[in-house]
Amino acid sequence: MPPSSSQCPVDHSRIATSAPPISAEADLDEAVEFIEQFYAENPEAGDPARRLAWARAEILTTGTYHHTTAELVWGARVAWRNNARCIGRLYWNSLRVRDLRTVSDADSVAAHCRKHLRIAGNGGKIRPLISIFAPEAPDRPAPRIWNDQLVRYAGYRKVKGRPLGDPRYLGFTQAVRKMGWRPPYRPTPFDVLPLVIETVKDGPRLYELDPVDVLDVELTHPEFEWFAELGLRWHAVPAISNMRLVIGGVSYPTAPFNGWYMGTEIGARNFGDTYRYNLLPVVAARMGLDVSTDRSLWRDRALIELNVAVLHSYEKAGVTMIDHHAAANAFDKFEAIENDAGRVVHAKWSWIVPPISGCAVTLFHKEHWQDIEVLPAYRAQPDAWKEPKGTH
Ligand code: ARG
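**Some words on the pattern of salt bridges**
Line of reasoning, step 1. Throughout the structure, instances matching the rule amount to 22 salt bridges.
Line of reasoning, step 2. Arg-244 is the salt-bridge partner of Glu-136, the closest N and O atoms lying 3.7 Å from each other. Residue Glu-136 is located in the loop between strand 2 (129-133) and strand 3 (144-145), and its partner Arg-244 is located in strand 11 (residues 243-247); the two are separated by 108 residues in the primary sequence.
Line of reasoning, step 3. Residue classification places Glu-136 among the buried positions, given a relative accessible area of 10%.
Line of reasoning, step 4. Judged by its relative accessible area of 12%, Arg-244 is buried.
Line of reasoning, step 5. Overlapping salt bridges bring together Glu-41, Arg-81, Glu-338 and Arg-343 as one network.

Below is the structure:
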């Protein structure tokens, strides 16, 4: 979208201008700015002067500092509030935080990731949750999770025809196979990949997820009985595990977090994209649509029915999921609340507007957002599994 003028004045003081920190040292200026912001938004915490002096001293003597639990919780929540790509930010303040900063060995990280899925899945009543593991520190490189989400499906190249499973994970699947992972005897389109946890001490290690920890939903359609025969399913918890949480100059590269799904992420993108499960031709054929011409809108009709099936199935299974209309309304509300609090909402239009029926939601008709990173932040970082060894 063309950038256009913001409806609210932009507060430049809180915008990250420096390059992403790659060092394990805490950035003093970012620390001071964060602590000041924490005290400004949490007046009950009192006067920041002593806290600032303590953090300064800690950074000067050790190169980094420890967040208080309250700072960590608030930092993780505000990083969500700040994320320009997320439509679900109305709920930022409800994020539950697991403080796992003392956890850094691979076995424990893996065990806590499994526990994360259980707590977040909550039998279907999804809880937004983050598990924050040991941060980067000068004497102590942080562990890393190689997977981009805790639950993802393997992709297999076939000799002829389309790949089996999720083509997005062809490379990752190959990487874990090289490390010794064996796919099931009969591979399926929905084989859950193992977790890979890397530490400096042990290098990368594989951990299978226990199927009981991976809540998922089988897809049916409210009208098309044949839909169940497609054998589609998807997992309940989207837990991003490859982003770096940056709070007050401290970097937490291993901090998997989740909200709940919006239906279109699965129904439109994961199943509809030609470079993912590419199911529009399959669904259109079963619907008996005329696929010989684009103008029959067979893709569009198949897309809608796929999305109907996703929303219907999650609802029937009692698994939390938001539809794109409710999500857009919630985002409008979020923006109004933020503006009332004197804050500007930054957003990336192409991520905020849903991938189907864009113009049927208010967000499509708004163009005032700027896509700017504000701190604290969830930040993309290089894929650990593609990095040359020993660089983090
Ligand atoms: N789009 C991603 C997926 O399909 C998930 C991204 C995060 N989504 C969320 N609702 N929190 O798996």
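Let's pick the thread back up.
**Remarks on the packing of helix 7 (residues 280-287) against helix 8 (residues 298-317)**
Line of reasoning, step 1. Between helix 7 and helix 8, whose axes approach to 9 Å, the crossing angle comes to 95 degrees. On the basis of their axis angle, the class for helix 7 and helix 8 is roughly perpendicular. Counted together, Leu-280, Pro-281, Val-283, Ala-284 and Met-287 of helix 7 and Trp-298, Arg-299, Arg-301, Ala-302, Leu-303, Glu-305 and Leu-306 of helix 8 form the full contact between these two elements.
Line of reasoning, step 2. For the contact of helix 7 with helix 8, the class distribution of residues is 9 nonpolar, no polar and 3 charged.

**A few points about the site of the ligand**
Line of reasoning, step 1. Lining the immediate surroundings of the ligand are Gln-149, Arg-152, Pro-238, Ile-240, Trp-260, Tyr-261, Glu-265 and Asn-270.
Line of reasoning, step 2. Trp-260 places a polar main-chain atom, nitrogen or oxygen, 2.7 Å from a nitrogen atom of the ligand.
Line of reasoning, step 3. Interatomic distance of 2.6 Å between a side-chain N/O atom of Tyr-261 and an oxygen atom of the ligand.
Line of reasoning, step 4. Here the ligand, which alone exposes 350 Å², has 72% of that area covered by the protein.
Line of reasoning, step 5. Of the residues assigned to the shell around the ligand, the class counts are 4 nonpolar, 2 polar and 2 charged.

**Structural notes on the pairing of strand 7 (residues 203-207)**
Line of reasoning, step 1. Bridge count for strand 6 (residues 195-199) against strand 7 is 5 bridges, and the pairing is antiparallel. In the strand pairing of strand 7, Thr-199 is matched with Gly-203.
Line of reasoning, step 2. Counting the residues that bridge the hairpin from strand 6 to strand 7 gives 3 residues.

**Examining the packing of aromatic side chains**
A ring pair, where both rings are aromatic, is described by two values, the distance of the centres and the angle of the planes.
Line of reasoning, step 1. Under the definition given, this model contains 18 aromatic pairs.
Line of reasoning, step 2. Ring geometry for Phe-190 against Tyr-277: centres 5.3 Å apart, planes inclined by 10 degrees, an arrangement best described as stacked. One end of the pair, Phe-190, is in the loop between helix 5 (170-178) and strand 6; the other, Tyr-277, is in the loop between helix 6 (263-270) and helix 7, with 87 residues separating them in the sequence.
Line of reasoning, step 3. Among the residues examined, Phe-190 registers a relative accessible area of 11% and is labelled buried.
Line of reasoning, step 4. On the basis of relative accessibility, which here comes to 10%, the residue Tyr-277 falls in the buried class.
Line of reasoning, step 5. Centroid distance Phe-257 to Tyr-378: 4.5 Å. Interplanar angle 40 degrees. Geometry classified as tilted. Note that Phe-257 is positioned in strand 13 (residues 257-258) and Tyr-378 in strand 16 (residues 377-380), a separation of 121 residues in sequence.
Line of reasoning, step 6. A connected cluster of aromatic rings, assembled from ring pairs, spans Tyr-153, Phe-190, Trp-234, Phe-271 and Tyr-277.
Line of reasoning, step 7. Geometry around Trp-351 places Arg-85 over its ring, the cationic atom sitting 4.5 Å from the centre.

**Points about the nonpolar core**
Line of reasoning, step 1. Counting 51 residues, the largest nonpolar core has Phe-227, Trp-234, Phe-271 and Tyr-314 as the members making the most contacts within it.
Line of reasoning, step 2. Among the secondary structure elements, those contributing two or more residues to this core are helix 4 (106-121), strand 2, strand 6, helix 6, helix 7 and helix 8.
Line of reasoning, step 3. Counting residues per element, this core draws most heavily on helix 8, at 7 residues.
Line of reasoning, step 4. In contact with Tyr-314, other than residues within four places in its own chain, are Val-217, Leu-219, Trp-234, His-235, Ala-236, Tyr-261, Ile-266, Val-319, Thr-320 and Met-321.

Thresholds, definitions, all that
- Residues numbered from 1 in each chain as written.
- Predicted model: local features only at pLDDT ≥ 70, side-chain atom pairs only at ≥ 80, totals over all residues.
- Heavy atoms only, no water.
- Salt bridge = Lys/Arg side-chain N within 4 Å of Asp/Glu carboxyl O.
- Helix = DSSP H or I, 4+ residues; strand = E, 2+ residues; numbered from the N terminus.
- Buried < 20%, exposed > 50% of the residue type's maximum accessible area, 1.4 Å probe, protein only.
- Axes fitted to C-alpha atoms, helices over the stretch in contact; angles between N-to-C directions.
- Parallel < 35°, antiparallel > 145°, perpendicular 65-115°, else oblique.
- Contact = heavy atoms within 4.5 Å.
- Nonpolar A, V, L, I, M, F, W, Y, C, P; charged D, E, K, R; others polar.
- Near = heavy atom within 4 Å.
- Polar contact = N/O pair within 3.5 Å; in protein donor to acceptor, adjacent residues only side chain to side chain.
- Areas by Shrake-Rupley, 256 points an atom, 1.4 Å probe, with all protein chains shown as cover.
- Pairing = 2+ DSSP bridges.
- Phe/Tyr/Trp six-rings, centres within 6.5 Å; stacked < 30°, edge-to-face > 60°.
- Lys NZ or Arg CZ within 6 Å of the ring centre and 35° of its normal.
- Core = buried A, V, L, I, M, F, W, Y, C linked by side-chain atoms within 4.5 Å.

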